[in-house]
Amino acid sequence: MPYGFTGKFVEVDLSSSKVRVVDVRRDLYRKFLGGRGLGSWILWERLGEVWEGLDPYSPDNLLIVLTGPLTGYIAGVRLAITGKSPQSGGTVGSTIASEVGLELKCSGYDGLIVSGKAKDPVYIFIHDDKVEVRDASKVWGKGIRETHKLLLRDVLPELRKTPRFGEPKEPAMIYIGPAGENLCRFAAIEGKYAHAAAYGSYGSVMGSKNLKAIVVKGTGPLPPVYDVVKLKELIYKAIELVPKKAPRLRIWGTGQGPWRYGRDLSSIPVRNWQEEYWVEKSYSQYDLEVYDWVKRYWADYGCPLCCMKVTVLHRNGETVITDAPDYELLAYEGSNLDVWDVRDIAYLIWCGEELGFDMINAGNVLGFVAELFERGILTKDDLGFEVKWGDVKAFERLLKMIANKEGIGKVLAEGTYRAALKISEMKGLKPEEVLKYAVQAKGIGIGAHGIRSGLDYPPISYVTSVQGGDHQSVAMLPLDAPPIVNEVWASLADSAVICQFNMLGGLDLVFDALRAVTGWNISKEEWVNEDAKRILTLQRVLLLLGGPDVYWDPRVHDDNPPRFYEPLPSGPKKGQAPTKQDIEKLKKDYYKALGWDELGIPTEDTIKQLGLTGLEKALVRIRKRLGI
Amino acid sequence: MPIWIFREYDRCSGCRYCEVACSLKHEGIIWPEASRIRVFEYVPGITIPVLCSQCTDYPCVQACPTKALYVDESTGAVRVDEGKCIKCGKCVEACPGRIPRILPQKDSVIICDLCGGDPECAKVCRALGFNALVVVDKWPGTHYKLYARDAEKITRDYIKKLYKVDPEEVM
């Protein structure tokens, strides 16, 4: 077995409750590492033939939970989750900071593949070589905090069944809330109280399988590595380098972001992206310092950086326990909704996370609704109440309606893109009349980094990304552009499965660690020109296959949302926006750099060069559908 | 001179590098469950490092039927004579917090040996800038058993302090 891997996956078929352990072909590890890359390939191998017709919510879809070669060894534990995405119809390597990754490896598995659908609500419990499908009726319907508590109570007695052997540590868990159970297309898989694998909506895929949670406890060591002396040296190097490269993240987390992106870079969403700049109501890093409700550091296993802080707020008779708001959610539940009191924002985030929402996409939907209300497209009659900018109570009410699919919540639960299509139908409007307020790419709401000012993300970020609106994996030119969110590097973090922020210690550190763990000598150039291309090309093909309810035409959908062509109305770059011609040119350059044709369809030569044999069949189907 | 590892729960981030450093030193590989120090997080956000507290009366040493456990005079640590240990678990039962650990994969019980006086866990915690684990002189007047309670009890106390809720609400 290659160093750093266990070589085994555990497979659970929920329809039959059958469990089996499978060996993974060695060559696949080298080709795809793990996580996002390996997950996408497993999906292609098993579901590629029927991809376009496959409903992500059918029992035939797979939910794949993966570790990677670096998981547990260096800088920031992470877990990758994939499957056919109910949002994009392709695959998203959705990652979450979760010790489930560590516990899986310590149990002897590189990953877990879940197929089928359970008759009644269940959860999967893995304890070393024991894998069980257990009754989850007690936790079904429960929010995140209650779910964590009840699951812990359910498994602890068993882990402690031989008290004279000492106290076993708690298991790691991931779970869904009501939003996932009720198949909202922006439901996340949650961990602890405030972690989420959000993009891709795999929470709703879990829901469709009647799978409430995955609980894992492994007692073994991590698999042997190629050079443990070197690895130890690199671990200590990362500890020294990473916090020093990003001291602001240790102090404030990404909560420092609103000033940076709102005031300096003009790329924060304000009222559904009508603006991307503000100063006067600004709150940010220095304000967070004086909030006595930010209590304590909160890292996950292996994180030297610690961007999270424990937040405790006593409010409306409830105790809010969450992460000190990070930038994305400060923006999406804050400025994007015209909510400016940071306690209101923290409260709203907590409400949504308790329900199991992806709070980036939830904020995207709420902002979209508030704008439609402002413009009179949605009325009090449609919504049942007024949804005005800044109205925290209305947004909270709306979140609950969406999670339970009540009233208009049923339409909004489909996410911004699909909801826009439905609302235009409801209102007898042309789709583009509603879509022009939907700030999304490939069915995925865009993260809180705008492209119009040109100071933050580049203009094709979301246009050609294989993960749609995902702000942590965006298209950039040149291909090896240094930002860690460049999808070339993001695919490395998501396939080696480590935290992207911990790449701030430098890419050399990551490649050195990969060498020390696996013994493979992968250079940066090789990664850019072969490995990253292989993963992105595979994801691109699955995205273009798409379906079954929406399909993407690169000529139409490889584009920014209409809002990003409206000139910025305020800020240092007032009046600025990219032109369609700019985007067309950048798109073509990007396709070319990746070895895709002028429409962004990977060529047969590229497929062959990258060793993606078998994928040619898919190209024929894509061309046929597009009529070319 | 005997030393002691002071643990300041408020400063612990839960990064668990102490477990990484400990298992690298003692096992030659990363093995969190076999680490002599383990950070418990029964409740999200409540991270509690737990390791041997070197109680002044050493109930574990007294309970050992094979005399596999003994006190290291220079550091005050409990040492394990691996050849003598029969994994009976008497030491675990005698410990106020059931802190020693017996794993099927290991031939003898696992207890913190204070790394001979220069503990890796405290060093890495300092390198990280958290300083939740600090080496101090062992002082006879300290009630070391307060820190030898089991992780669950400490967690419940800490929930009341930090979250100000009834522990039953979250645990």
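Use the structure listed above.
This write-up is about the structure you can find in this document.

Rules used in this analysis
- Residues numbered from 1 in each chain as written.
- Chains lettered and ligands numbered in written order.
- Predicted model: local features only at pLDDT ≥ 70, side-chain atom pairs only at ≥ 80, totals over all residues.
- Heavy atoms only, no water.
- Pairing = 2+ DSSP bridges.
- Helix = DSSP H or I, 4+ residues; strand = E, 2+ residues; numbered from the N terminus.
- Axes fitted to C-alpha atoms, helices over the stretch in contact; angles between N-to-C directions.
- Core = buried A, V, L, I, M, F, W, Y, C linked by side-chain atoms within 4.5 Å.
- Buried < 20%, exposed > 50% of the residue type's maximum accessible area, 1.4 Å probe, protein only.
- Contact = heavy atoms within 4.5 Å.
- Buried area = accessible area lost by both parts, 1.4 Å probe.
- Salt bridge = Lys/Arg side-chain N within 4 Å of Asp/Glu carboxyl O.
- Polar contact = N/O pair within 3.5 Å; in protein donor to acceptor, adjacent residues only side chain to side chain.
- Phe/Tyr/Trp six-rings, centres within 6.5 Å; stacked < 30°, edge-to-face > 60°.
- Lys NZ or Arg CZ within 6 Å of the ring centre and 35° of its normal.

## What to know about the sheet that holds strand 13 (residues 294-297) of chain A
Residues and elements named next belong to chain A.
Phase 1 of the analysis: Here we have 3 strands laid out as an open sheet, ordered 13-14-15, and antiparallel in their pairing. The open sheet has two edge strands, strand 13 and strand 15 (318-323), and neither has a second partner. Strand-to-strand, the axes of this sheet are offset by a mean angle of 20 degrees, without reference to chain direction.
Phase 2 of the analysis: In this structure, strand 14 (residues 309-315) lies alongside strand 15, joined through 6 bridges in antiparallel fashion. Residue Val-312 lies in a different strand from strand 15, and its bridge partner there is Ile-321.

## A few points about the nonpolar core
Phase 1 of the analysis: Formed by 130 residues in total, the largest nonpolar core has its most connected members in A:Phe9, A:Leu70, A:Trp489, A:Leu492, A:Met503, A:Trp527 and B:Leu69.
Phase 2 of the analysis: The element contributing the most residues to this core is helix 21 (residues 524-545) of chain A, with 10 residues.
Phase 3 of the analysis: When sequence neighbours within four positions are dropped, the list of residues in contact with A:Leu70 reads A:Lys105, A:Ala496, A:Val497, A:Ile498, A:Val510, A:Ala513, A:Leu514 and A:Val517.
Phase 4 of the analysis: A:Val92, A:Leu104, A:Ile402 and A:Ala419 belong to the second-largest nonpolar core, a separate cluster that totals 114 residues.

## So, the interface of chain B and chain A
Phase 1 of the analysis: Listed as interface residues are 56 residues of chain B and, on the opposing side, 55 residues of chain A.
Phase 2 of the analysis: Of the roughly 4700 Å² buried at the junction of chain B and chain A (both faces included), carbon and sulfur atoms supply 56%.
Phase 3 of the analysis: Our enumeration of links across chain B and chain A arrives at 5 salt bridges.
Phase 4 of the analysis: Residue B:Glu33 is joined to A:Lys217 by a salt bridge in which the shortest nitrogen-to-oxygen separation is 2.8 Å.
Phase 5 of the analysis: Across the chain B-chain A interface, the total number found is 31 residue pairs in polar contact (both at pLDDT 80 or more).
Phase 6 of the analysis: For the side of chain B that touches chain A, the secondary structure elements donating two or more residues are helix 1 (17-27), strand 2 (38-43), strand 3 (46-50), helix 3 (90-94), helix 4 (120-128) and helix 5 (151-162) of chain B.

## So, the sheet that holds strand 3 (residues 63-66) of chain A
Residue and element names in this part refer to chain A.
Phase 1 of the analysis: Ordered in space as 2-1-6-3-4-5, the 6 strands form an open sheet in which the pairing is mixed. With partners counted over all chains shown, the strands left at the sheet margins are strand 2 (18-23) and strand 5 (94-96), one partner each. Pairwise comparison of adjacent strand axes, ignoring direction, gives a mean angle of 20 degrees for this sheet.
Phase 2 of the analysis: Both strand 1 (residues 8-13) and strand 2 contribute to a ladder of 6 bridges, which runs antiparallel. Counterpart to Phe-9 in the pairing with strand 2 is Val-22.
Phase 3 of the analysis: On top of the sheet, helix 2 (residues 35-47) reaches strand 1, strand 3, strand 4 (79-82) and strand 6 (111-115); it is set at about 150 degrees to strand 3, its chief contact.

## Observations regarding the packing of aromatic side chains
Phase 1 of the analysis: For the structure shown, the criterion picks out 22 aromatic pairs over all chains.
Phase 2 of the analysis: Between A:Phe186 and A:Phe357 the ring centres are 5.2 Å apart and the planes differ by 20 degrees, which places this aromatic pair in the stacked class. Taken together, the positions of A:Phe186 in the loop between helix 5 (178-181) and strand 10 (189-191) and A:Phe357 in the loop between helix 12 (342-355) and helix 13 (359-374) put the pair 171 residues apart, joining distant regions of the chain. For the pair A:Phe186 and A:Phe357, a shared accessibility class is recorded, and that class is buried.
Phase 3 of the analysis: Every member of this aromatic cluster is reached through a ring pair, and the members are B:Trp4, B:Phe6, B:Tyr144 and B:Tyr147.
Phase 4 of the analysis: Directly above the aromatic system of B:Phe40 lies the positively charged group of A:Lys169, at a separation of 5.6 Å from the ring centroid.
Phase 5 of the analysis: Against the face of B:Tyr144 rests B:Lys138, its NZ or CZ located 5.1 Å from the ring centre.

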